[in-house]
Amino acid sequence: GKSLGMIFQKASTRTRVSFETGIYQLGGQGLFLSGRDLQIGRGEPIKDTARVLSRYVDGIMIRTFAHDTVLELAEYASVPVINALTDLLHPCQAMADMMTAIEYKGKDLKGKKLTFIGDGNNMMNSLIVGALSTGMSFSAACPKDYMPPKHIIEFGEKYGNGKFEIVTDPLEAAKNADVVYTDVWASMGQEEEKKIREAAFAGYQVNKELMAVTNKDCMVLHCLPAHRGEEITADVFEEHANEIFEEAENRLHAQKAVLVECMADEMPEKV
């Protein structure tokens, strides 16, 4: 019987369908609100939108650009606010990723290694938190001009206890990995940089050569959509398609868990 306001300032497949289906399966309803549907598309302050929506819905989910937008929304809203993606973080995806790693590698992930290949973007930032919080070690390979923000690196060094490293050599990062993760080279909003990024990331591809240095039975994850032939080869993608699409399915289950945690009065008997 509860309602979730779903603000989308960035387009989506997995985020929208997983949250809208998830709230429905839990007995509530999701309201899709694009930037064109809301007055924020015409300049209404975020803090006013937060205070209005809080009087109509039981929770707000937002997928947007600037991280400060989520922070301001949360500051002025009187209902739970869920970060479904910003340019800085993608925590809901990372939860589904760690769930998938547990399904394939066992509940105890301590001692396992997660390697990210590519851009120091919102996906990498959230995976650092996800990996270290589950006891995994984290390594990444990024071009020197595409490293994560300084405060993210400092977080990894502080909480990694020697299990955190970011290098520029993909083969070095992937050595003895149990999970290899990659994402597109140019994220939404970076289309104008596509040619520049293709040159910068030319050597940062998940391919047979890179997988050869990982541990036996290493799994591959990708938050999708995938650009075969760029960040990952078609053969490696298809070899690990079951893992990747299980990961996509787990967005639904992870989102339902977030909704229950944030909005349910009590834990449902069956979810």
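Criteria and thresholds
Residues numbered from 1 in each chain as written. Predicted model: local features only at pLDDT ≥ 70, side-chain atom pairs only at ≥ 80, totals over all residues. Heavy atoms only, no water. Helix = DSSP H or I, 4+ residues; strand = E, 2+ residues; numbered from the N terminus. Rg over C-alpha atoms; globule rule 2.2 N^0.38 Å. Buried < 20%, exposed > 50% of the residue type's maximum accessible area, 1.4 Å probe, protein only. Contact = heavy atoms within 4.5 Å. Areas by Shrake-Rupley, 256 points an atom, 1.4 Å probe, with all protein chains shown as cover. Patch = residues over 30% accessible without salt bridge, like charges linked within 9 Å, V, L, I, M, F, W, Y side chains within 5 Å. Salt bridge = Lys/Arg side-chain N within 4 Å of Asp/Glu carboxyl O. Pairing = 2+ DSSP bridges. Axes fitted to C-alpha atoms, helices over the stretch in contact; angles between N-to-C directions. Phe/Tyr/Trp six-rings, centres within 6.5 Å; stacked < 30°, edge-to-face > 60°. Polar contact = N/O pair within 3.5 Å; in protein donor to acceptor, adjacent residues only side chain to side chain. Core = buried A, V, L, I, M, F, W, Y, C linked by side-chain atoms within 4.5 Å. Right-handed = clockwise from strand over helix to strand, strands pointing away.

Looking only at helices and strands, the chain features eleven helices and nine strands. For the chain, the C-alpha radius of gyration of 19 Å lies close to 18 Å, the compact-globule estimate for 271 residues. Going through the 271 residues of the chain one by one, you find that 51% of them count as buried. Within the chain, contacts between residues at least 6 apart in sequence are counted, and of these 72% link residues at least 24 apart. For the chain, the computed accessible surface area is about 13,200 Å², with 50% contributed by carbon and sulfur atoms.

Right, let's get into a nonpolar patch on the surface. A cluster of nonpolar residues, Val129, Phe155 and Tyr159, forms a patch on the protein surface that exposes about 260 Å² of accessible area. Checked against the element boundaries, Val129 lands in helix H5 (residues 122-133).

Before going further, it helps to spend a moment on the sheet that holds strand E4 (residues 81-85). If you trace the four strands from one edge of the open sheet to the other, you get E2-E1-E3-E4, paired in parallel fashion. Looking at strand neighbours, the two that pair on one side only are strand E2 (29-34) and E4, the edges of this open sheet. Neighbouring strand axes in the sheet, compared pairwise and without regard to direction, differ in orientation by 20° on average. With five bridges connecting them, strand E1 (residues 3-8) and strand E3 (residues 59-63) associate as parallel partners.

This part covers the packing of aromatic side chains. Per the stated rule, a full pass over the model turns up eight aromatic pairs. Taking the centre distance of 4.9 Å and the plane angle of 50° together, the rings of Tyr146 and Phe201 count as tilted. Here the residue Tyr146 occupies a position in the loop between strand E6 (137-141) and helix H6 (150-159), and Phe201 occupies one in the loop between helix H8 (194-200) and helix H9 (208-211), the gap between them amounting to 55 residues. According to the relative accessible area criterion, Phe201 is buried, its value standing at 0%. Judged by centre distance (6.1 Å) and plane angle (75°), the rings of Phe201 and Tyr204 are edge-to-face.

All right, on to the environment of Glu246 then. Relative to the elements of secondary structure, Glu246 occurs in helix H11 (residues 241-263). According to the relative accessible area criterion, Glu246 is partly exposed, its value standing at 26%. Distance from Glu246 to Thr64, taken between C-alpha atoms, is 25 Å for residues 182 residues apart in sequence. Residue contacts for Glu246: discarding those within four places in its chain leaves Thr100, Glu103 and Tyr104.

Locating Thr214 in the fold gives a position in the loop between H9 and strand E9 (219-222). C-alpha of Thr214 to C-alpha of Ala234: the two residues are 20 residues apart in sequence and 18 Å apart in space. A polar contact of 2.7 Å, which involves the side chain of Thr214, links it to the backbone oxygen of Met211.

What follows covers the side chain of Asp183. Within the secondary structure layout, Asp183 lies in the loop between strand E8 (179-182) and H8. Among the polar contacts listed, one links the side chain of Asp183 to the side chain of Asn121, at a separation of 3.0 Å.

What follows covers the nonpolar core. Counting 23 residues, the largest nonpolar core has Leu114, Phe116, Leu127 and Phe138 as the members making the most contacts within it. At the level of secondary structure, the elements contributing two or more residues to this core comprise helix H4 (91-105), strand E5 (113-117), H5, E6, E8 and E9. Ranked by residues supplied to this core, first place goes to H5 with six residues. Grouped together as the second largest cluster of nonpolar side chains are 22 residues, Val167, Ala173, Val220 and Phe237 included.

Most of E1 is tucked away: six of the six residues are buried. Burial of the side chains of E1 extends over both faces: Ser3, Gly5 and Ile7 are buried on one face and Leu4, Met6 and Phe8 on the other. In the sheet, E1 pairs with E2 via six bridges, with the strands oriented parallel. In the sheet register, Phe8 faces E2, and the bridge partner there is Ser34. The parallel pair E1 and E2 is bridged by helix H1 (residues 14-25), and the resulting crossover is right-handed.

Let us look at the pairing of E6. In terms of residue burial, E6 counts as a mostly covered element, since five of its five residues are buried. A two-sided burial pattern is seen for E6, the buried positions comprising Ser137, Ser139 and Ala141 on one face and Phe138 and Ala140 on the other. For the segment spanning E5, H5 and E6, crossover handedness is right-handed. Here four bridges tie E6 to strand E7 (residues 164-167), and the two strands are oriented parallel to one another. In the strand pairing of E7, Phe138 is matched with Phe164. Handedness of the β-α-β unit built from E6, H6 and E7 comes out right-handed.

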